[in-house]
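Take a look at the letters that make up each chain.
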Amino acid sequence: MDLVVRDARLHPTGGTRTEPVDVGVEGDRIVAIRPRGGLAGQHTTELEADGRLLSPPLVDPHVHLDAVLTVGEPRHNESGTLIEGILTWAERKRSLTHEDVKERAREAILWEVGQGTGLIRSHVDVCDPNLVALRALLELREELADIVDLRLIAFPQDGILSFPDGKALMREAMRLGCDVIGGIPHYEWTREDGVEEVHFLFELARETGRDIDLHCDETDDEQSRFLEVVAADTIREGMGGRVVAGHTTAMGSYNDAYAFKLLQILKRAGVTIVANPLDNISLQGRFDSYPKRRGMTRVKELDAAGVNVACGHDSIMDPWYPLGRGSMLDALSMLVHVGQMTGRGELFRAFEMVTSNPARAARVEYGVKEGRPANFVVFDCEDEAEAIRLRPAARWVVRAGRLVAETQPAMTVVRHAGSEHRVTFAKREGAPA
Ligand code: 17E
Ligand code: FE2
């Protein structure tokens with residue numbers, strides 16, 4: 001075979017330990033999964049996983065690649081609010097060039113890929129008469145196709161009705177090759193404009209046959225209620241499974257009676273919700289004193305109600321969030337803290353929010369199974385709960401059967417009482433060396 005990974009632990013669902021396996025790859029497909037020792041013999045490339053977790057690639061369903069690595073340009077967001085972020089970006093947007101966007105986005109993609117992300121859905125701001133960022137990212141999508149599956153979402157940062165020629169720019173972005181239709185109804189000037197915007201997105205979906213992934217209700221205003229319009233339109237248009245709503249932080253401020261009603265129609269509609277905990281734990285609650293709202297959508301309750309929930313990175317060093325290193329496990333760690341998903345089963349469940357759940361929303365062929373594309377990551381840890389706790393090195397990243405990234409795990413030694421102690425951060429013996 002072209003590639004064999006020996007003694008790997010497959011991503012189990014539900015947290016039950018699976019027996020170690022050998023995974024065999026020919027060309028760009030997984031052709032064999034056997035109990036450990038079952039793929040003996042000589043193979044072109046052989047990787048010894050020593051019991052480490054072998055996971056399908058991480059998925060980042062929500063990031064803004066046009067804005068990455070612009071933090072401080074032309075100034076920092078000192079209030080820490082979403083609005084100052086949008087206004088700062090509007091200033092930076094004027095100096096965007098083709099190469100500037102490509103260089104920054106390429107760098108951020110390498111960070112994500114090196115840490116195990118194989119599918120990225122990026123919003124790209126189309127409130128620009130020249131669509132500079134979009135043209136740059138469309139090129140990058142093709143140039144980096146060997147290391148990442150990049151999908152682009154036409155995102156009207158300044159609104160569609162509230163921005164000159166907003167509808168024409170959305171149509172032009174889709175004509176140029178954008179994959180998905182974005183939106184931002186809560187940012188339109190009026191409630192009525194927001195509702196009209198949502199209807200327009202579905203009209204555009206009908207025209208183009210494309211899916212929808214909008215920013216929705218990213219505010220602490222409990223009266224921001226565009227998600228119900230999205231759910232209703234999804235049902236009426238028969239677009240179940242093809243609509244994603246990102247942020248939806250207002251759900252953290254809705255009263256329980258309304259939230260309960262909303263959960264029911266979301267489930268019925270088959271709308272996916274993407275939480276972006278890194279940004280929203282810092283952007284939201286900025287107008288509160290104490291007690292201070294957490295500003296994340298109702299991840300645990302949505303999941304329990306049977307709604308597909310995923311976790312995005314959103315920002316990497318931009319006007320909204322000055323931190324970030326492109327690690328989906330950082331984002332997921334924040335999600336389990338803010339959403340209090342620290343129960344044993346909840347940790348394993350949460351891992352699906354950066355793997356199979358966003359993959360389902362993107363409607364891609366996914367999962368470590370015989371016959372599937374040979375896309376997977378070996379993490380330097382035993383299981384998913386440990387992946388969230390340690391945010392370990394992505395030891396090997398394989399895409400279409402090719403080793404596209406590898407990381408040497410860090411080694412820590414503490415000198416004490418005349419001897420050296422190797423620190424592995426593992427509780428049990430038998431952890432990966
Ligand atoms: N734009 C927006 O409207 N909201 C965000 N969280 C980011 C960009 C990062
Ligand atoms: Fe976003």
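In what follows, the structure referred to is the one given above.
Residues numbered from 1 in each chain as written. Chains lettered and ligands numbered in written order. Predicted model: local features only at pLDDT ≥ 70, side-chain atom pairs only at ≥ 80, totals over all residues. Heavy atoms only, no water.

**Q** What is the right way to look at the packing of aromatic side chains in this model?
**A** Aromatic ring pairs: the centre-centre distance and the angle between the two ring planes describe each pair. The tally for this structure, following the rule as stated, stands at 2 aromatic pairs. Judged by centre distance (6.3 Å) and plane angle (50 degrees), the rings of tryptophan 89 and tryptophan 320 are tilted. Separated by 231 residues along the polypeptide, tryptophan 89 in helix H1 (residues 82–93) and tryptophan 320 in the loop between strand E13 (309–311) and helix H10 (328–338) bring together distant segments of the chain. A relative accessible area of 2% means that tryptophan 89 is categorised as buried. Residue classification places tryptophan 320 among the buried positions, given a relative accessible area of 10%. The interplanar angle of 80 degrees and the centroid separation of 4.9 Å between the aromatic rings of tyrosine 254 and tyrosine 258 together place this pair among those described as edge-to-face. A cation over an aromatic ring shows up here: arginine 225 above the ring of tyrosine 254, its NZ or CZ 5.7 Å from the ring centre. Sitting over the ring of tyrosine 258, arginine 225 keeps its end group 3.7 Å from the ring centre. (Phe/Tyr/Trp six-rings, centres within 6.5 Å; stacked < 30°, edge-to-face > 60°. Helix = DSSP H or I, 4+ residues; strand = E, 2+ residues; numbered from the N terminus. Buried < 20%, exposed > 50% of the residue type's maximum accessible area, 1.4 Å probe, protein only. Lys NZ or Arg CZ within 6 Å of the ring centre and 35° of its normal.)

**Q** In this structure, what is going on with the site of ligand 1? I would like to understand it.
**A** Lining the immediate environment of ligand 1, one finds 13 residues, of which Leu82, Gln157, Glu218, Asp314 and Ser315 sit closest. The side chain of glutamine 157 places a nitrogen or oxygen atom 2.7 Å from a nitrogen atom of ligand 1. A distance of 2.9 Å separates a nitrogen atom of ligand 1 from a polar atom in the side chain of aspartate 314. Protein chains shield 100% of the accessible area of ligand 1, which is 260 Å² for the free molecule. The site holding ligand 1 turns out to be the largest cavity. Grouping the amino acids of the shell around ligand 1 by side-chain chemistry returns 5 nonpolar, 5 polar and 3 charged. (Near = heavy atom within 4 Å. Polar contact = N/O pair within 3.5 Å; in protein donor to acceptor, adjacent residues only side chain to side chain. Areas by Shrake-Rupley, 256 points an atom, 1.4 Å probe, with all protein chains shown as cover. 1 Å grid on protein atoms, 1.4 Å probe; cavity = no way out; pocket = protein on both sides within 12 Å on 5 of 7 lines; lining within 4 Å. Sits in = over half its atoms within 2 Å of the grid points. Nonpolar A, V, L, I, M, F, W, Y, C, P; charged D, E, K, R; others polar.)

**Q** Would you take a moment to explain the coordination of the iron ion (ligand 2) for this structure?
**A** The textbook angles at a metal center are 109.5 degrees for a tetrahedron of four donors and 90 or 180 degrees for an octahedron of six. Summarising the metal site, the iron ion (ligand 2) is bound by the protein donors His62 (NE2), His64 (NE2), His215 (NE2), His247 (NE2) and Asp314 (OD), whose distances to it range over 2.1 to 2.5 Å. Overall, the relative accessible area of 3% leaves aspartate 314 in the buried class. (Donors = N, O, S within 2.8 Å, 3.2 Å for Na, K, Ca; no water.)

**Q** Which parts of the structure should I look at to understand the nonpolar core?
**A** Side chains of nonpolar character tend, in soluble globular proteins, to be buried together. Formed by 104 residues in total, the largest nonpolar core has its most connected members in Leu65, Ile109, Met170, Ile212, Leu227, Leu266 and Leu335. Residue contributions to this core peak at 7 residues, all from H10. Setting aside residues up to four positions removed in sequence, leucine 266 forms contacts with Leu227, Ala231, Met251, Val271, Ile273, Leu302 and Val307. Within the second largest apolar cluster, 18 residues are counted, among which are Leu10, Val25, Ile33 and Ala374. (Core = buried A, V, L, I, M, F, W, Y, C linked by side-chain atoms within 4.5 Å. Contact = heavy atoms within 4.5 Å.)

**Q** I'm lost on the packing of helix H6 (residues 227–236) against helix H7 (residues 256–269) in this one. Help?
**A** Angle between the axes and distance between the axes: these two values describe a pair of packed helices. Between H6 and H7, the least distance of the axes is 9 Å, while the angle of their chain directions is 30 degrees. In terms of axis orientation, H6 runs roughly parallel to H7. Considering only the axes of H6 and H7, their crossing is left-handed. The residues of H7 that touch H6, namely those facing Leu227, Glu228, Ala231, Thr234 and Ile235, are Tyr258, Lys261, Leu262, Ile265, Leu266, Arg268 and Ala269. (Axes fitted to C-alpha atoms, helices over the stretch in contact; angles between N-to-C directions. Parallel < 35°, antiparallel > 145°, perpendicular 65-115°, else oblique. Left-handed = near helix turned anticlockwise from the far one by under 90°.)

**Q** What am I meant to see in empty space enclosed by the protein here?
**A** Over the atoms, a rolled probe matching the size of one water molecule traces out where space is still vacant. Under the criterion given, the structure shown has 3 cavities of 30 Å³ or more. Estimated volume of the largest cavity: approximately 90 Å³. Lining of the largest cavity is provided by 14 residues; of these, His64, Leu82, His215, Glu218 and Trp320 occupy positions nearest its centre. Contributions of two or more residues to the lining of the largest cavity are made by H1 and helix H8 (277–283). (Points joined across faces, edges and corners; volume = space filled by probe spheres on them.)

**Q** Honestly, the pairing of strand E15 (residues 394–399) in this entry has me stumped. Any pointers?
**A** Sheet faces and side chains relate simply in a regular strand, where the side chains alternate between the two faces. Here E15 lies mainly inside the structure; 6 of its 6 residues are buried. As judged from the 4 bridges shared by strand E14 (residues 376–379) and E15, these two strands associate in the antiparallel manner. The residue bridging valine 377 from the neighbouring strand is valine 397, located in E15. Bridge analysis of E15 against strand E16 (residues 402–406) gives 4 bridges, and the strand direction is antiparallel. (Pairing = 2+ DSSP bridges.)

**Q** I would appreciate a short explanation of the sheet that holds strand E10 (residues 211–216) in the present structure.
**A** One key point about sheets: their strands pair by backbone hydrogen bonds, in either a parallel or an antiparallel sense. Here we have 8 strands laid out as an open sheet, ordered E6-E7-E8-E9-E10-E11-E12-E13, and parallel in their pairing. Only two strands of the sheet have a single partner each, and these edge strands are strand E6 (58–63) and E13. Pairing analysis gives 4 bridges linking strand E11 (residues 243–247) to strand E12 (residues 271–275), with the strands arranged parallel. Among the inter-strand pairings, glycine 246 is bridged to a residue of E12, identified as valine 274.

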